[in-house]
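Residue-level structural notes
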Amino acid sequence: MTERTERIYLDNAASTPVHPEVWAAMAPYLRDTYGNPSSLHHEGRRARAGVEQAREELAAWLRCRPGEIIWTSGATEAIHIALWGLALAARKEGRHHVVVSAIEHHAVLETVEQMGTLGWTVDVVPPREDGTVAVEDVMERVRRDTAIVALMWVNNETGAVQPVSAVAAAVKRHDPAVRVFSDMVQCVAGVTPVIDGVDAAVFSAHKMNGPQGAGALYLHRDVPFVPVMRGGAQERGRRAGTENVAALVGFGVAVRLLRTSWDQHVAHLTMLRDVLWDVLREIPGVRRNSPADAAPGVLNVAFPGIRNDMLLMKLDLAGVSASAGAACTAGSLEPSHVLQAMGQREDEARSAIRFSFSVLNDRAEVRRAGEIIRQIIERG
Ligand code: PLP
């Protein structure tokens, strides 16, 4: 507990602290509600009620039907079952082609890479210099046999907002049978997710002050889909396996908190991002990798001539947690694939740090983090 209050946690795009209200809602389910939600007895029905209440919360936020939500163990699983489920269904129609942006999370990139080894053709769309993918760059790659177009809504490393609605509209105008997939995990960084025109989208509880181990796939009710997780009738046969009841209850509360305070949420993230940038911009040579209209929850900054791994280590020692990009690549020394796809050199990509915020951060600690960074850099 002491550690939490003394430290300044600015890595919320990797994972967020659980909101106290989320924890309070989860506790009874961890303690007392041990029934299997598929069981018909009293204990099972109690668990089922929690799972379905959470589904209604997410459906209300997305303005979709509860039956279009499929619970998963996280966004990575949701991405796998979505992309494979859509691709296998589209293959029956002779479609073997996938268009994907170069700035996707590795869970998407490596799934389509695997498809490439199994008979699918994959076209990768690079972003423009500001980190956004252009609609025309996507459309010029769509072919007669395209099965899926995959474009995330908010990039997790830069916060760059992608034109998913415009891409979905253009794709559907061109060929309504092409499936549009969008990773909407980082919409929580301050951009309202819109599922109109999108066939499948994924979300993750632990990015929005919910618990780890709960995710969701939105799947439009009319979209052909082949389930890949088999062996149970859960989630209407689209994802077998007993649901993580307490975590889903927490996910539902996290979504409700977000939905009912969205404007304040976005305003708070914007204030935090601007407070940090106001301090960092004074450091000589500093460059902002996040575009001006990026989602406010993510601020990616380059400190030219300084290696991000060294700076992150010093920051950690000084009590500030940030990251060099996606958490899953943070352990490796690979420079960001996103910044490189934007045209940056390897050494430039290696000087970038991602700061990401949540509602549980406050102005004073973010300002203090900025001062700590400035002092570390001045000391060299
Ligand atoms: N997609 C994006 C954009 C992410 O930021 C993450 C988290 O790192 C994921 C997918 C994977 O989410 P999860 O940790 O729930 O599997």
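So, here is what we can say about the structure in this document. (Residues numbered from 1 in each chain as written. Predicted model: local features only at pLDDT ≥ 70, side-chain atom pairs only at ≥ 80, totals over all residues. Heavy atoms only, no water.)

**Points about the overall build of the protein chain**
Assigned secondary structure in the protein chain consists of 14 helices and 12 strands. Rg of the C-alpha trace for the protein chain: 21 Å, near the compact-globule value of 21 Å for 380 residues, within the 12% margin. Along the first, second and third principal axes, the C-alpha atoms of the protein chain reach 60 × 55 × 35 Å. Looking at the protein chain residue by residue over its 380 residues, the buried ones come to 57%. Contacts in the protein chain between residues far apart in sequence, at least 24 positions, make up 72% of those at least 6 positions apart. (Helix = DSSP H or I, 4+ residues; strand = E, 2+ residues; numbered from the N terminus. Rg over C-alpha atoms; globule rule 2.2 N^0.38 Å. Buried < 20%, exposed > 50% of the residue type's maximum accessible area, 1.4 Å probe, protein only. Contact = heavy atoms within 4.5 Å.)

**Describing the sheet that holds strand 10 (residues 298-302)**
Spatial ordering of the open sheet is given by 9-10-12, a layout of three strands whose pairing is antiparallel. Edge positions in the open sheet fall to strand 9 (287-288) and strand 12 (352-356), since each of these has one partner strand only. Of the strand pairs in this sheet, strand 9 and strand 10 are connected by two bridges, and their pairing is antiparallel. For Arg288, the partnering residue across the bridge sits in strand 10 and is Val301. (Pairing = 2+ DSSP bridges.)

**Quick look at the nonpolar core**
Counting 63 residues, the largest nonpolar core has Leu58, Trp61, Leu62, Trp71 and Phe251 as the members making the most contacts within it. Looking at this core element by element, the count peaks at 11 residues for helix 8 (residues 245-260). Apart from the residues within four sequence positions on either side, Trp71 is in contact with Val51, Ala54, Arg55, Leu58, Gly215, Ala216, Glu235, Arg239, Glu243, Leu248 and Phe251. (Core = buried A, V, L, I, M, F, W, Y, C linked by side-chain atoms within 4.5 Å.)

**A closer look at unusual backbone geometry**
The backbone of Asn209 sits at a positive phi, close to 60°, despite the residue not being glycine. The residue Asn209 is located in the loop between strand 7 (200-204) and strand 8 (215-219) in this model. We note that Arg236 has phi near 55°; this positive angle belongs to a residue other than glycine. Here Arg236 is to be found in the loop between strand 8 and helix 8.

**Thoughts on the pairing of strand 4 (residues 121-125)**
Of the strand pairs in this sheet, strand 3 (residues 97-101) and strand 4 are connected by five bridges, and their pairing is parallel. Considered in strand 4, the bridge of Val100 is made with Val124. What joins strand 3 to strand 4 is helix 5 (residues 106-117), and the crossover it makes is right-handed. (Right-handed = clockwise from strand over helix to strand, strands pointing away.)

**Points about the side chain of Thr146**
One can find Thr146 in strand 5 (residues 146-150). Of the residues examined, Thr146 reaches a relative accessible area of 0% and is grouped as buried. At 2.7 Å, the side chain of Thr146 forms a polar contact with the side chain of His97. Those residues within four positions of Thr146 in sequence are excluded, and the remaining contacts are Arg95, His97, Val99, Arg141 and Val178. (Polar contact = N/O pair within 3.5 Å; in protein donor to acceptor, adjacent residues only side chain to side chain.)

**Here's the deal with the site of the ligand**
Around the ligand lies a shell of 13 residues, among which Thr76, Asp183, Ser204, His206 and Lys207 are the nearest. Here an oxygen atom of the ligand sits 2.8 Å away from a polar atom, N or O, in the side chain of Gln186. A distance of 2.7 Å is found between an oxygen atom of the ligand and a side-chain nitrogen or oxygen belonging to Lys207. Calculation on the ligand without its partners gives an accessible area of 400 Å², and the protein chains cover 89% of this total. (Near = heavy atom within 4 Å. Areas by Shrake-Rupley, 256 points an atom, 1.4 Å probe, with all protein chains shown as cover.)

**Some remarks on the packing of helix 4 (residues 75-91) against helix 5**
The N-to-C vectors of helix 4 and helix 5 enclose an angle of 35°; their axes lie 9 Å apart at closest approach. Two packed elements cross with a definite hand, and for helix 4 against helix 5 that hand is right-handed. For the pair helix 4 and helix 5, contact is made by Thr76, Ile79, His80, Leu83, Trp84 and Ala87 and by Ala107, Val108, Thr111, Val112, Gln114 and Met115, respectively. (Axes fitted to C-alpha atoms, helices over the stretch in contact; angles between N-to-C directions. Left-handed = near helix turned anticlockwise from the far one by under 90°.)

**Quick notes on the packing of aromatic side chains**
Under the criterion given, the structure shown has four aromatic pairs. One aromatic cluster is present, built from ring pairs that chain together Trp61, Phe203 and Trp262. (Phe/Tyr/Trp six-rings, centres within 6.5 Å; stacked < 30°, edge-to-face > 60°.)

**What to know about the pairing of strand 5**
Among the five residues that make up strand 5, five are buried, leaving the element largely enclosed by the rest of the structure. Inspection of the sheet shows strand 3 paired to strand 5 by four bridges, in the parallel sense. For His97, the partnering residue across the bridge sits in strand 5 and is Thr146.

**What to know about the sheet that holds strand 5**
Strands sit in the order 2-8-7-6-5-3-4 across an open sheet of seven strands; the sheet is mixed. Bordering the open sheet on either side are strand 2 (69-72) and strand 4, each of which pairs with just one other strand. Neighbouring strand axes in the sheet, compared pairwise and without regard to direction, differ in orientation by 20° on average. Pairing geometry for strand 6 (residues 179-183) and strand 7, over three bridges, is parallel. Its bridge partner lying in strand 7, Ser182 is registered against Ala201. Those strands touched by helix 7 (residues 164-174) are strand 5 and strand 6, and its axis lies near 170° from that of strand 6. Against the sheet, helix 8 contacts strand 2, strand 7 and strand 8, and its axis sits at roughly 70° relative to strand 8.

In short, the description is geometric, and any link to function would need to be established separately.
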